[in-house]
Amino acid sequence: MSVHIGAKPGDVAETVLLPGDPLRAKFIADNFLEDVTQYNEVRGMLGFTGTYKGKRVSVQGSGMGVPSIGIYANELITEFGAKQLIRIGSCGSFQENVKVRDLVLAQTTSTDSSLNKRRFHGMDFAPAGDFGLLLSAYNKAKELGIDPHVGNVLTSDEFYHDDPDAWKLWAKFNVLAVEMETTALYTLAAKYGIKALTILTVSDSLVTGEALDAESRQTTFTNMMEVALSLA
Ligand SMILES: O=P(O)(O)O[C@H]1O[C@H](CO)[C@@H](O)[C@H]1O
Ligand SMILES: O=c1cc[nH]c(=O)[nH]1
């Protein structure tokens, strides 16, 4: 058991899906996995391992924001031998053509988080998703009849900004959407030499003001779940 994950060695699969919401993890375990065991409930951050089409896969809530996913990614990699971390999250669209419920594959990230500025002594690191996972996710989405958006997403430290127009600068530079974890995930994947990809479903549009309710964010992003599970 690590500090935040109450599992034994071998309880966690090499491929781990990481939704921010632990109840989205439970939804996936209940609806997509077979032979499921729950290996974690420390801090209510539920973690499950089961099989999907015969392949072993885990689903672990990551919590919200860079510090939280940093804790789970570090422990999954260094204490439980995770080799592929696939974040499955919600996001807010910055672009008119990126609509609510669309799929976004995060090729790379921008950020307003200061963590990497500190880590790289004021210099810029460019966090990128694994190309093989990105290509497989893209092809799987196409097979399901989905046309995913692929590009740059913003990892932000803030959900509620003081300046309601702050997002427009990123939008002007073709950043597709905002979420709160991927910069940390891709940076840790690079540090430890493992593979990572973030797949997002648009839950909000900063362009139109649309927003899905909490229940929809928890249980209805099944296309994203299916694409992510196909990567196991
Ligand atoms: O739906 P999840 O995976 O939590 O992702 C997004 O939703 C949360 C904010 O509501 C942040 O964690 C953000 O990144
Ligand atoms: O607007 C949004 C929606 C989901 N996640 C975010 O971080 N922002």
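Structural data are supplied above this passage.
Residues numbered from 1 in each chain as written. Chains lettered and ligands numbered in written order. Predicted model: local features only at pLDDT ≥ 70, side-chain atom pairs only at ≥ 80, totals over all residues. Heavy atoms only, no water.

(A) Local environment of the overall build of the protein. In terms of helices and strands, the protein carries eight helices and nine strands. What you see for the protein is a C-alpha radius of gyration of 16 Å, in line with the 17 Å of a compact globule of 232 residues. Reported as C-alpha extents along the three principal axes, the dimensions of the protein are approximately 45 × 45 × 30 Å. Across the protein, the fraction of contacts at a sequence separation of at least 24, relative to all contacts at a separation of at least 6, is 75%. Within the structure as shown, the protein displays about 10,800 Å² of accessible surface, and the carbon and sulfur contribution to it stands at 52%. Averaging the positions of the 21 positive and the 28 negative side-chain charges in the protein gives two centres separated by 5 Å. (Helix = DSSP H or I, 4+ residues; strand = E, 2+ residues; numbered from the N terminus. Rg over C-alpha atoms; globule rule 2.2 N^0.38 Å. Contact = heavy atoms within 4.5 Å. Areas by Shrake-Rupley, 256 points an atom, 1.4 Å probe, with all protein chains shown as cover. Lys, Arg positive; Asp, Glu negative; His and termini not counted. Charge placed at Lys NZ, Arg CZ, Asp CG, Glu CD.)

(B) Expanded view of the site of ligand 1. Every residue close to ligand 1 is listed here: Gly20, Arg24, Met64, Arg87, Ile88, Gly89, Ser90, Phe159, Glu179, Met180 and Glu181. One nitrogen or oxygen atom from the side chain of Ser90 is found 2.6 Å from an oxygen atom belonging to ligand 1. Note that an oxygen atom of ligand 1 is positioned 2.8 Å from one of the backbone N or O atoms of Met180. About the coverage of ligand 1: the protein hides 89% of its 340 Å² of free accessible area. Judged by the fraction of its atoms near the pocket grid, ligand 1 is located in the largest pocket. Considering each element in turn, the shell around ligand 1 owes the most residues, four residues, to strand 5 (residues 84–93). Residues of the shell around ligand 1, tallied by class, amount to four nonpolar, three polar and four charged. (Near = heavy atom within 4 Å. Polar contact = N/O pair within 3.5 Å; in protein donor to acceptor, adjacent residues only side chain to side chain. 1 Å grid on protein atoms, 1.4 Å probe; cavity = no way out; pocket = protein on both sides within 12 Å on 5 of 7 lines; lining within 4 Å. Sits in = over half its atoms within 2 Å of the grid points. Nonpolar A, V, L, I, M, F, W, Y, C, P; charged D, E, K, R; others polar.)

All quantities given are derived from atomic positions and should not be read as evidence of function.
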